[in-house]
Amino acid sequence: MHNGEVSYWWQARGGVPPRRPSLPGSTEADVCIVGAGYTGLWTAYYLKRADPGLRVVVLEANFAGFGASGRNGGWVTATLPGSRARYAQRAQGIRGVRELERQLRETIDEVARVCDVEGIDAGLVKGGTLTVATSAAQNARLRQQLDRERAWGDGEDIVRYLDRAELAGRLRVAGAAGALYSPYCARIQPADLAAGLAEAVSRAGVLLHESTPVTSLSAGLARTPAGQVRAPVILRCTEGFTADIPGQHRTLLPMNSSMIVTGPLSDEAWKSIGWDEFETLGDEAHAYIYAQRTLDGRIALGGRGIPYRFGSGTDHDGAIAPSTIAQLGRILRRMFPVAAEAGIDHAWCGVLGVPRDWCATVSMDPRTGLGWAGGYSGHGVAAANLAGRTLADLARGVASPLTTLPWVGHRSPRWEPEPARWAGVHGLYALYRTADRLESARQSARTSVLARAGDLISGIPH
Ligand SMILES: Cc1cc2nc3c(=O)[nH]c(=O)nc-3n(C[C@H](O)[C@H](O)[C@H](O)COP(=O)(O)OP(=O)(O)OC[C@H]3O[C@@H](n4cnc5c(N)ncnc54)[C@H](O)[C@@H]3O)c2cc1C
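Presented here is a report on the structure given in the accompanying data block. (Residues numbered from 1 in each chain as written. Predicted model: local features only at pLDDT ≥ 70, side-chain atom pairs only at ≥ 80, totals over all residues. Heavy atoms only, no water.)

### Here's the deal with the pairing of strand E3 (residues 31-34)
Line of reasoning, step 1. Taking every second residue as pointing to the same face, both faces of E3 are buried, with Val 31 and Ile 33 on one and Cys 32 and Val 34 on the other.
Line of reasoning, step 2. Direction of pairing for E3 relative to strand E4 (residues 56-59): parallel, over a ladder of four bridges. Directly across from Val 34, in E4, lies its bridge partner Leu 59.
Line of reasoning, step 3. Taken together, E3, helix H2 (residues 38-50) and E4 form a β-α-β motif whose crossover is right-handed. (Buried < 20%, exposed > 50% of the residue type's maximum accessible area, 1.4 Å probe, protein only. Helix = DSSP H or I, 4+ residues; strand = E, 2+ residues; numbered from the N terminus. Pairing = 2+ DSSP bridges. Right-handed = clockwise from strand over helix to strand, strands pointing away.)

Written as structure tokens, this is what we have:
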């Protein structure tokens, strides 16, 4: 079994890619982007589309797609990162939140469109998404969630409940009592998208320098060990790695997420499971999981594992603890007993950026020329495209329907300093795991009071 090596997604492409040349020395640009994940690459892509004459430089510490963008669960999801109520406090209120959600739904098709136009084969299949309940308490929460969606005005076309039999018609998950289904999600092979985007922006004339860590940022200047880039606009697109940038230690918490992928399942196993539409799959546990059926016949499944490293540390090559692999393996076999035959081929982890209020931000200060986007709280694959389009408009000083969306200019509170941050996150996930255990053992429809307390402390939105 492989552990780390960045991710299965990169290994499935034949290993991590050869690096593009690093910054050869000091230079000037119109826009300098720090970080070549989806956010930085989409921003560069739309900048060049809007104005091919712009000199755009991207500085990447490792290689394009090294971070969460090359390691994620491959859900191109329209889920709003954060809470509707919090975004609704912005000028446009509820109308603005509805527009942000509509834009996120349309973003799935925009990602598909660009893949088509640019010849990026990321294996995108828009099969929707299923959230299954595997305990009575989870099922009750699904029903409550559905009531909230209806009260918000989202109809059957956006989300609907599937009872046990309807769910089984799509996908057989052991012990599942029902599910919510939404058509607004697609599966992809994440590294294929990151690699394809990096090629597309390079073709468009963006200068993408890898192995080039930015050590500090200030108005008009990005410094690296190889020299500096002077540019009137500098955009920070470093999501889960943001805490390492001077002055940003408490902006985004680098939340760790871990994944495993099975070997290929047999045809008989797939017949017993179903999953012909390639829906992405999650559950309603407090320490929830996310999964997809890969195009090469495996199940990729992720969850929290060790949620956070002291001092906002990040990993290097994505290796995870054997206890996390065992934990995810147990969940996989519980949901799909037949998948045990395929074993686990690869395990890895990555960091995503979580703001204190779980709401994402797209921001640009026209006085300093400094901008940034991120804090998608685990829902960043589609959101990074919308954020990239928005950041490209903001960077060019163009007012558009995107630049008034409520996440533009949103300010999240800063995270608590250590050791409170470490103790808080670890305490929270200990509460959630215990709550999940108790709920499964009791088979009561009531959500555990431990989880309620955790939600209250963390501010995790529902
Ligand atoms: C295991 C896992 C599963 C996930 N699953 C999903 C999912 O299924 N669906 C979903 O919507 N979201 C998911 N997410 C979240 C999603 O992947 C991220 O929100 C998204 O990829 C963020 O993209 P990004 O470009 O902002 O950041 P990243 O992809 O992390 O890119 C940041 C880049 O910046 C570079 N960098 C950092 N510091 C510097 C520096 N100082 N100088 C230069 N470069 C620097 C890094 O090397 C990195 O390449 C998941 C995340 C993880 C970790």
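### Topic: the site of the ligand
Line of reasoning, step 1. Taken together, 37 residues are adjacent to the ligand, and Thr 39, Glu 60, Ser 69, Val 214 and Val 381 come closest.
Line of reasoning, step 2. Between an oxygen atom of the ligand and a side-chain N or O atom of Glu 60, the distance comes to 2.6 Å.
Line of reasoning, step 3. Isolated, the ligand exposes 1000 Å² of accessible area, and the fraction of that covered by the protein chains is 97%.
Line of reasoning, step 4. Within the residue set of the shell around the ligand, elements represented by two or more residues are H2, strand E5 (75-77), strand E19 (344-354) and helix H10 (380-395).
Line of reasoning, step 5. Examining the composition of the shell around the ligand, we find that three residues originate from one element, E19, more than from any other. (Near = heavy atom within 4 Å. Polar contact = N/O pair within 3.5 Å; in protein donor to acceptor, adjacent residues only side chain to side chain. Areas by Shrake-Rupley, 256 points an atom, 1.4 Å probe, with all protein chains shown as cover.)

### As for helix H7 (residues 190-203)
Line of reasoning, step 1. Compared with an ideal rise of 1.5 Å per residue, which puts 14 residues at 20 Å, H7 spans 20 Å between its outermost C-alpha atoms and is within 8% of the ideal.
Line of reasoning, step 2. With respect to burial, H7 is a largely interior element, eleven of its 14 residues being buried.
Line of reasoning, step 3. Where H7 is concerned, the buried positions are Pro 190, Ala 191, Asp 192, Leu 193, Ala 194, Ala 195, Gly 196, Leu 197, Ala 198, Ala 200 and Val 201.
Line of reasoning, step 4. On its buried face, H7 sits against helix H1 (8-12), H2, helix H4 (93-118) and strand E10 (207-209).
Line of reasoning, step 5. If you check the start of H7, you find a side-chain oxygen 2.8 Å away from the backbone N of Ala 191, and it comes from Gln 189. (Expected span 1.5 Å × (residues − 1). Contact = heavy atoms within 4.5 Å.)

### Some words on the environment of Gly 196
Line of reasoning, step 1. Residue position: Gly 196 is located in helix H7.
Line of reasoning, step 2. What makes Gly 196 buried here is its relative accessible area of 11%.
Line of reasoning, step 3. Residues Gly 196 and Ser 412 lie 216 residues apart in sequence; the distance between their C-alpha atoms is 32 Å.

### Regarding the environment of Leu 217
Line of reasoning, step 1. Within the secondary structure, Leu 217 is located in strand E11 (residues 216-218).
Line of reasoning, step 2. Residue class for Leu 217 comes out partly exposed when judged on its relative accessible area of 22%.
Line of reasoning, step 3. Distance in space between the C-alpha atoms of Leu 217 and Val 229 is 9.9 Å, their sequence separation being twelve residues.
Line of reasoning, step 4. Residues within four places of Leu 217 in sequence aside, it is in contact with Val 34, Ala 222, Ile 234, Arg 236 and Ile 245.

### Some thoughts on the sheet that holds E4
Line of reasoning, step 1. If you walk across this open sheet you meet the six strands as E10-E4-E3-E14-E21-E20, and the pairing is mixed. One side of each edge strand has no neighbouring strand; the edge strands of this open sheet are E10 and strand E20 (361-365). Across the sheet, the mean angle from the axis of one strand to that of its neighbour is 15°, orientation sign disregarded.
Line of reasoning, step 2. Relative to E10, E4 runs parallel, the two sharing three bridges. Of the residues in E10, the one forming a bridge with Val 58 is Leu 208.
Line of reasoning, step 3. In this fold H10 packs onto strand E14 (233-236), E20 and strand E21 (370-374), with an angle of close to 10° to the strand it touches most, E20. (Axes fitted to C-alpha atoms, helices over the stretch in contact; angles between N-to-C directions.)

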